[in-house]
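Listed below are the residues making up each chain.
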Amino acid sequence: SVPDVSTMVDPGSGAVDRAIFTDRTVYDTEMRRIFARSWLFLAHRDQFHKPGDFFQTFMGEDPIIVTMDKQKRIRAYLNSCRHRGARVCRADEGQAKAFTCTYHGWSFGLDGSLISVPNSGGYPETFQREDWGLVEVPNVQEYHGLIFGNWDPDAMSLEEDLGDMRWYLDAMLDRDPEGTVVVGGVMKWVLHGNWKLAAEQFATDWYHVNMSHASALQVLSPTGQGPKKEIAERTGRQFHNDHGHAHGFPVHPKNRFDAKTVHQWYDYDALRERLGDSRVEGPLTNGHGTVFPNFSYLPINGSIRVWHPKGPDRMEVWAWTILDRSMPEEVREAQRLYNLRTFGPSGIFEQDDGENWSECQAIAHGFMTNTTPLNYQMGIGSDREEPGYPGTTSELLSDSAGRAFYRRWAELMRTPAWHEQA
Ligand code: FES
């Protein structure tokens, strides 16, 4: 059955039903109507250099192998054997000539085809290997090194789906004409909390920063007296578009206290020339954003992450550190350490956020808590079009992008997906 989401999310009034974070039917519908037809982040291009390089991830709860085939094309397959359904790849990442199922030994090539079947003489003549290859994700596209997949065979292109969001994403991905590279491994951790709590925060929530991160801001302050007034009272903007993508960013404060080595290395004049003043003073150096539904990023930290749904109450966070390819080694190391210190699994900001999401989730199943609506009204009616900033913007402290996130969520939840068409 499909839940009536029209009564659960009302972006017009800013009220959200807390059951969207706890209800199993809502969650199952998200798998079918959001994760089975949205562009989902799979991996970074720098994780694949030669045929057979692979990385295992998830689209929703479906296990996926992302690999480079012999023609050096990046392809993605459902990591489930066509025989009895076991995974054909158990490693997180690596190099393979083929993927061989450890249950009975069916083996699949880098193009997904079934290449070997033990005791194949036992099958009837009607058994054709070409009918039993791995299920392939029909749409895999790349945007400035980020690889996304989409199960909808007729999905609009990734670039079209991102729309105005590209201008904001480019502030991180196109900062260096050489592009970005991955440093270190993929950091993974489990959080008690619904995936949307994290995705919406990265899309819209700057309101929490001074309160939730007060001690972290104090620690990072060069004077030990806490952040300067211009940082504590920073202004900025948040952007959203009608596909639910969003990015919020303060304007660049004069006295930064983060990743100094990195800031000293940047040639800001060249960046202003290349990407324009408004990006350098905003999304290039600051902020965070979400590509709907569950990919988020922090440009200045070089953190990109996926909030993998694991049931209504649990998510797995997978986080990469990406850097400008041209960065010299010592700057890379400073950036890597800065990201670890702030938004690694035990990072001083990451800990605050995870604690908040788990706190909200832990009490959400009470009858009264679950039936009392939540407030997303800040900045209602203040959306605007601004010269120099593509898409719709609002004040930095606003729930505007959150309302856009849930507007898109509700739109997809109530619309049959490609696999439901007659
Ligand atoms: Fe894979 Fe049987 S489940 S070979």
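Overview of the structure. Everything quoted here is computed from the prediction, not taken from an experiment.

1. Focus on the overall build of the protein
Okay, so step 1: Each helix and strand in the protein was counted, giving 14 helices and 22 strands.
Okay, so step 2: A globule of 422 residues ought to have a C-alpha radius of gyration of about 22 Å, and the protein, at 22 Å, matches this closely.
Okay, so step 3: Here the C-alpha coordinates of the protein stretch approximately 75 × 55 × 35 Å along the principal axes.
Okay, so step 4: Sorting the 422 residues of the protein into buried and exposed places 44% on the buried side.
Okay, so step 5: Counting only contacts in the protein whose residues sit at least 6 apart along the sequence, the fraction spanning at least 24 positions is 64%.

2. A word on the sheet that holds strand 9 (residues 107–108)
Okay, so step 1: One open sheet accounts for 3 strands, arranged 8-9-10; its pairing is antiparallel. Of all strands in the sheet, those bounded by a partner on one side alone are strand 8 (99–100) and strand 10 (114–116).
Okay, so step 2: Inspection of the sheet shows strand 9 paired to strand 10 by 2 bridges, in the antiparallel sense. Bridge pairing in strand 10 links S107 to S116.

3. Some thoughts on the sheet that holds strand 2 (residues 15–16)
Okay, so step 1: Within the open sheet, the 3 strands sit side by side as 1-2-20. Their pairing is antiparallel. Pairing within the sheet leaves two strands with one partner each, and these edge strands are strand 1 (9–10) and strand 20 (374–375).

4. Some details on the nonpolar core
Okay, so step 1: Within the largest apolar cluster, 92 residues are counted, with the highest numbers of intra-cluster contacts made by L42, I64, I65, V66, F148, A198 and F405.
Okay, so step 2: Each of domain 1 (5–35 + 163–420) and domain 2 (40–142) accounts for three or more of the residues forming this core.
Okay, so step 3: Excluding residues within four positions of it along the chain, I64 makes contact with L42, T57, F58, M59, A76, Y77, L78, N79 and V137.

5. Some details on the packing of helix 11 (residues 329–343) against helix 12 (residues 348–362)
Okay, so step 1: One way to put it is that helix 11 packs onto helix 12 with a least axis distance of 3 Å and a crossing angle of 30°. The angle between the axes of helix 11 and helix 12 places the two elements in the roughly parallel class. On the side of helix 11, the interface is formed by R341, T342 and F343, while helix 12 contributes I348, F349 and E350.

Conventions adopted
- Residues numbered from 1 in each chain as written.
- Predicted model: local features only at pLDDT ≥ 70, side-chain atom pairs only at ≥ 80, totals over all residues.
- Helix = DSSP H or I, 4+ residues; strand = E, 2+ residues; numbered from the N terminus.
- Rg over C-alpha atoms; globule rule 2.2 N^0.38 Å.
- Buried ≥ 20, exposed ≤ 12 C-beta atoms within 10 Å, placed from the backbone.
- Contact = placed C-beta atoms within 7 Å.
- Pairing = 2+ DSSP bridges.
- Core = buried A, V, L, I, M, F, W, Y, C linked by C-beta atoms within 7 Å.
- Domains from an automatic or database assignment.
- Axes fitted to C-alpha atoms, helices over the stretch in contact; angles between N-to-C directions.
- Parallel < 35°, antiparallel > 145°, perpendicular 65-115°, else oblique.

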